[in-house]
Protein chains: 2
Amino acid sequence: MSILVVGSVFFDTIETQYGRAERALGGAATYFAVAASFFTPVRMVAAVGEDFPPEDIAFLSGRGIDLAGLQRRSGLTGAWAGRYHEDMNQRDTLQLDLNVFADFRPQLPASYRDAQYVFLANIDPRLQAMVLDQLPAPGLIGCDTMNHWITGSRSELEQLLSRVHVLVINDEEARLLSGERNVVRAARRLLAMGPRRVLIKRGEYGVIQFSANAVFAVPAFPLEEVFDPTGAGDSFAGGFMGELARSGDTSEAGLRRAIVYGSVVASFVVEDFGMNRLRTVTKDEIEHRYRQFVALTDIDAT
Amino acid sequence: MSILVVGSVFFDTIETQYGRAERALGGAATYFAVAASFFTPVRMVAAVGEDFPPEDIAFLSGRGIDLAGLQRRSGLTGAWAGRYHEDMNQRDTLQLDLNVFADFRPQLPASYRDAQYVFLANIDPRLQAMVLDQLPAPGLIGCDTMNHWITGSRSELEQLLSRVHVLVINDEEARLLSGERNVVRAARRLLAMGPRRVLIKRGEYGVIQFSANAVFAVPAFPLEEVFDPTGAGDSFAGGFMGELARSGDTSEAGLRRAIVYGSVVASFVVEDFGMNRLRTVTKDEIEHRYRQFVALTDIDAT
């Protein structure tokens with residue numbers, strides 16, 4: 001099955017202690033789509049400006065991403081600039097120009113309406129809801145959000161969560177949305193808001209998944225160098241949902257394997273600036289690291 | 001096989017957001033010994049004062065801990081008081097009276113000299129070395145330390161590390177000792193100092209073990225309430241080394257299972273103040289949670 005994603009496409013200017021990338025292709029929908037494209041065909045709903053270059057279109061198309069839902073509008077593509085601290089869990093936003101993204105309204109091409117697997121990347125929950133309104137029979141809906149919407153659009157977000165199956169957020173967002181510091185209590189509150197599963201991303205400490213009956217925790221893949229964490233969370237979601245859409249296996253075991261695939265893709269993304277590593281990584285490398293991941297976590301390994 | 005531990009015995013006065021414990025039995029050697037006693041006989045080398053009450057002696061003896069190496073000296077038992085922040089990874093020390101511990105010199109009874117499994121809990125590395133000097137043929141030596149010795153007694157600590165097989169420290173100490181922020185690079189540096197294995201404790205995020213050939217990461221057991229984190233690290237070490245001494249299995253698989261047992265014991269300790277939970281927990285409860293731990297981390301769980 002294909003996976004449909006709605007979200008942002010941005011040009012990112014990124015500084016870390018290891019260097020700088022200027023106007024690199026980025027945005028949550030982009031990272032998600034490219035990550036998911038290693039597993040299954042992807043349909044993308046987003047908006048770019050007149051400055052969006054043909055080589056980026058060619059790259060996305062070349063990855064098997066269907067761009068029928070990518071609106072090209074007059075004006076400029078959104079642009080973000082940020083600087084990471086030495087502790088890469090901390091970053092400062094230096095610039096945020098929404099540009100054509102400011103009045104983005106997702107409109108799904110007729111060819112997308114049969115979508116079964118859907119991911120609502122981090123945008124205004126009203127726009128996320130608009131996507132669901134255009135889908136007659138979605139099967140599995142995943143969703144991300146951020147602090148801005150949790151504090152500013154809580155009621156719209158809560159309405160949306162009642163329609164979502166899998167919530168994928170980071171630990172800080174989980175605390176803010178639930179009002180609970182403890183991760184178990186936070187997850188319990190979030191499950192009560194509607195999603196059947198809550199996946200909490202903990203950066204270098206990995207991911208923990210909660211459902212009514214089970215908890216599953218995986219570490220992040222230990223890396224000697226993290227050059228740039230930009231897009232790691234969105235790539236995790238892309239690998240996770242992409243593998244789910246590919247396998248169609250939404251059992252506990254299927255979810256767990258998909259979480260590991262998401263973790264594997266995210267571990268590649270941070271090895272280079274922006275999405276450079278996603279331009280070179282192969283499915284073989286992904287499968288190899290998946291096996292390393294199993295060895296990393298296997299209590300009965302020999 | 002039995003396990004020998006040297007370290008501190010203190011009375012702890014602890015404040016967390018959930019309450020307060022006054023002069024509770026504590027200290028690294030105590031937590032280690034009680035945790036290890038669920039797996040194997042324990043021998044303890046430490047010092048207490050005239051104020052150390054018969055009921056605490058009875059408790060330790062009742063747990064099968066050999067107290068031939070426990071010096072009772074004139075003066076008072078060491079006393080510590082601390083207050084945890086709402087974020088329980090942070091705490092302030094309000095009081096630290098070393099008392100009889102100030103001039104503690106470990107002296108091993110003749111009956112301890114055949115010790116095979118040894119743990120040097122956090123004390124002055126000169127004292128840790130003194131213990132090794134009194135052991136003709138130790139088999140497996142584990143060691144902990146803290147910031148105070150890393151900055152104040154680095155050369156003594158480095159000498160000690162060249163004699164140690166397993167280093168068990170927390171992430172902050174690993175960074176300080178190695179000079180590396182990244183956990184993989186930190187562990188590589190620490191392995192180069194002598195230990196064959198380095199276990200880095202990451203609090204609520206679990207433990208990661210490094211050796212020359214393998215990495216193993218486990219999450220902490222997810223708990224809804226953490227009442228008091230005091231002693232969690234020492235109890236982890238006690239469960240880990242106690243299970244290793246019991247099984248005698250120092251293969252990769254044996255080490256991994258021991259790490260999970262250590263994590264299980266630590267997860268019980270934090271459920272109540274001081275070592276209250278270690279007074280009530282049963283081996284059955286430990287085995288039950290071990291199985292839950294396996295389910296928590298098993299990628300192919302059904």
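Placed above this text is the structure.
**Considering the pairing of strand 2 (residues 10-16) of chain A**
Residues and elements named next belong to chain A. Summarising burial for strand 2: five of the seven residues are buried, a large majority. Taken together, the six bridges between strand 2 and strand 3 (residues 19-26) define a ladder with antiparallel strand orientation. Pairing of Ile 14 across the sheet is with Ala 21, part of strand 3. A loop of two residues connects strand 2 with strand 3, the two strands running antiparallel in sequence. Sheet analysis places strand 2 next to strand 6 (residues 78-84), joined by six bridges and oriented parallel. Bridge pairing in strand 6 places Asp 12 opposite Trp 80.

**Points about the relation of the copies chain B and chain A**
At an RMSD of 0.0 Å, chain B and chain A line up after a rotation of 180° and a shift of 0.0 Å along the axis. The operation mapping one copy onto its partner corresponds to a two-fold rotation axis. In this assembly, 96% of the residues forming the interface of chain B have copies in chain A that are likewise at the interface, indicating an isologous arrangement.

**Describing unusual backbone geometry**
Residue and element names in this part refer to chain B. Not every positive phi belongs to a glycine, and Arg 23 is a case in point at roughly 45°. When you line up the elements, Arg 23 lands in strand 3 (residues 19-26). Of note, the phi angle at Asn 99 is positive, near 55°, even though the residue is not glycine. By the element assignment, Asn 99 lies in the loop between strand 7 (91-97) and strand 8 (117-120).

**Section: the interface of chain B and chain A**
With 27 residues of chain B in contact, the opposing surface of chain A contributes 27 residues. Looking at the side of chain B that touches chain A, the element that brings in the most residues is helix 9 (residues 252-269) of chain B, giving five residues. Of the residues that constitute the side of chain B that touches chain A, the class distribution is 16 nonpolar, three polar and eight charged.

**Some words on the pairing of strand 12 (residues 207-210) of chain A**
All names here are of chain A. Residues Val 207 and Gln 209 line one face of strand 12 and the alternating positions Ile 208 and Phe 210 line the opposite face, and both faces are buried. Inspection of the sheet shows strand 11 (residues 197-201) paired to strand 12 by four bridges, in the antiparallel sense. The residue of strand 12 that forms the bridge with Lys 201 is Val 207. In this structure, strand 12 lies alongside strand 13 (residues 215-218), joined through four bridges in antiparallel fashion. Considered in strand 13, the bridge of Phe 210 is made with Val 215. Linkage of strand 12 to strand 13, two consecutive antiparallel strands, is achieved through a turn of four residues.

**Quick word on the sheet that holds strand 3 of chain B**
Residue and element names in this part refer to chain B. Here we have four strands laid out as an open sheet, ordered 3-2-6-7, and mixed in their pairing. Only two strands of the sheet have a single partner each, and these edge strands are strand 3 and strand 7. Across this sheet, the average inter-strand angle for adjacent strands is 15°, counted without regard to direction. With six bridges connecting them, strand 6 (residues 78-84) and strand 7 associate as antiparallel partners. Its bridge partner being in strand 7, Arg 83 is matched across the sheet by Asp 92.

**Some remarks on the sheet that holds strand 2 of chain A**
All names here are of chain A. Read from one edge of the open sheet, four strands run 3-2-6-7, paired in mixed fashion. Edge positions in the sheet fall to strand 3 and strand 7 (91-97), since each of these pairs with one other strand and no more. Within the sheet, the average angular offset between the axes of one strand and its neighbour, ignoring direction, is 15°.

**Looking at the packing of helix 1 (residues 28-36) of chain A against helix 8 (residues 232-247) of chain A**
All names here are of chain A. Packing of helix 1 against helix 8 leaves a shortest axis separation of 7 Å and a crossing angle of 40°. Considered as vectors, helix 1 and helix 8 are oriented oblique to each other. Seen along the crossing, helix 1 lies across helix 8 with a hand that is right-handed. Only Asp 234, Ser 235, Ala 237, Gly 238, Gly 239, Met 241 and Gly 242 of helix 8 make contact with helix 1, whose side of the interface consists of Ala 28, Tyr 31, Phe 32, Ala 33, Val 34, Ala 35 and Ala 36. Taken together, the residues of the contact of helix 1 with helix 8 sort by class into nine nonpolar, four polar and one charged.

Conventions we followed
- Residues numbered from 1 in each chain as written.
- Chains lettered and ligands numbered in written order.
- Predicted model: local features only at pLDDT ≥ 70, side-chain atom pairs only at ≥ 80, totals over all residues.
- Buried ≥ 20, exposed ≤ 12 C-beta atoms within 10 Å, placed from the backbone.
- Helix = DSSP H or I, 4+ residues; strand = E, 2+ residues; numbered from the N terminus.
- Pairing = 2+ DSSP bridges.
- Least-squares fit on C-alpha atoms with pLDDT ≥ 70 in both.
- Contact = placed C-beta atoms within 7 Å.
- Nonpolar A, V, L, I, M, F, W, Y, C, P; charged D, E, K, R; others polar.
- Axes fitted to C-alpha atoms, helices over the stretch in contact; angles between N-to-C directions.
- Parallel < 35°, antiparallel > 145°, perpendicular 65-115°, else oblique.
- Left-handed = near helix turned anticlockwise from the far one by under 90°.

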